[in-house]
Amino acid sequence: MAEIMAACGNDCAACPRYNVHPYEKTEEQLRRTAELWHRIGYRDHAVSNSEISCSGCRPSNWCRYNVIGCCTEKGIADCAECGEYPCQNMLECFKVTESFEPMCRKVCTEEEYAQLKKAFFDKKKNLDQLQEKQKGRTE
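Anyway, here's the lowdown on the structure attached to this text. (Residues numbered from 1 in each chain as written. Predicted model: local features only at pLDDT ≥ 70, side-chain atom pairs only at ≥ 80, totals over all residues. Heavy atoms only, no water.)

Turning our attention to the layout of surface pockets. What the largest pocket holds in volume is close to 980 Å³. Sorting the residues of the lining of the largest pocket by element identifies helix 3 (67-74), helix 4 (88-99) and helix 6 (110-121) as the ones contributing at least two each. Sort the elements by how many residues they give to the lining of the largest pocket and helix 4 lands first, with three residues. Its residues placed into classes, the lining of the largest pocket shows 20 nonpolar, four polar and six charged. Estimated volume of the second largest pocket: approximately 330 Å³. Around the second largest pocket, the lining residues are Pro16, Lys25, Gln29, Arg32, Thr33, Glu35, Leu36, Arg39, Glu111, Glu112 and Gln115. (1 Å grid on protein atoms, 1.4 Å probe; cavity = no way out; pocket = protein on both sides within 12 Å on 5 of 7 lines; lining within 4 Å. Points joined across faces, edges and corners; volume = space filled by probe spheres on them. Helix = DSSP H or I, 4+ residues; strand = E, 2+ residues; numbered from the N terminus. Nonpolar A, V, L, I, M, F, W, Y, C, P; charged D, E, K, R; others polar.)

Okay, structure coming up:
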């Protein structure tokens, strides 16, 4: 499957919430994801399938770090394209994301943890790699 990277470095193709062709999720998969989000502490209760389902970042979507809004304002696709990367906002985003990793290791199966690592915990690595690729194209 093709790589689909969010502006913040999340790997949408690996995300259990991402529900866009060809990554459609069944009702059961979405329900299990909502339950997982509750177990991890991402949500205070298991939300509905429609609430857990994601169709990608848009400036109108709520984002704690306003990453897509910032990238849209700057006319760039992702944070790796920004001359200020990693800014304080993204450093805080990485820190908060990493803060969930111990709970994920504790409550997730190996398969669930591997999926979350690829989808979320590798965001800094993903952005760093994108930035290196972009530097290579400009040199």
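That was the structure; now back to the text.
Scanning all chains against the criterion turns up one cavity of 30 Å³ or more. In this structure, the largest cavity occupies an estimated 90 Å³ of space. Lining the largest cavity are 13 residues, and of these Cys70, Cys79, Cys82, Cys87 and Met90 sit closest to its centre. Those elements that provide at least two residues to the lining of the largest cavity are helix 3 and helix 4. When residues in the lining of the largest cavity are grouped by element, the largest group, four residues, is from helix 3.

Before going further, it helps to examine the packing of aromatic side chains. A complete count under the given rule lists six aromatic pairs for this structure. Arranged with centres 5.8 Å apart and planes meeting at 55 degrees, the rings of Tyr18 and Tyr23 form a pair that is tilted. For the pair Tyr18 and Tyr23, a shared accessibility class is recorded, and that class is buried. Ring centres 4.6 Å apart and planes at 75 degrees place the aromatic pair Tyr42 and Phe100 in the edge-to-face group. One end of the pair, Tyr42, is in the loop between helix 1 (27-40) and helix 2 (49-52); the other, Phe100, is in the loop between helix 4 and helix 5 (101-107), and 58 residues separate them in sequence. One aromatic cluster is present, built from ring pairs that chain together Trp37, Tyr42, Phe100 and Phe120. (Phe/Tyr/Trp six-rings, centres within 6.5 Å; stacked < 30°, edge-to-face > 60°. Buried < 20%, exposed > 50% of the residue type's maximum accessible area, 1.4 Å probe, protein only.)

Another point: unusual backbone geometry. Backbone phi values are negative for most residues with the exception of glycine, while trans is the configuration of most peptide bonds. A cis amide bond links His21 with the next residue in sequence, Pro22, at an omega value of 0 degrees. Examined against the element boundaries, Pro22 turns out to sit in the segment before helix 1. A positive phi angle, near 50 degrees, is found at Asn66, a position not held by glycine. Residue classification places Asn66 among the partly exposed positions, given a relative accessible area of 38%.

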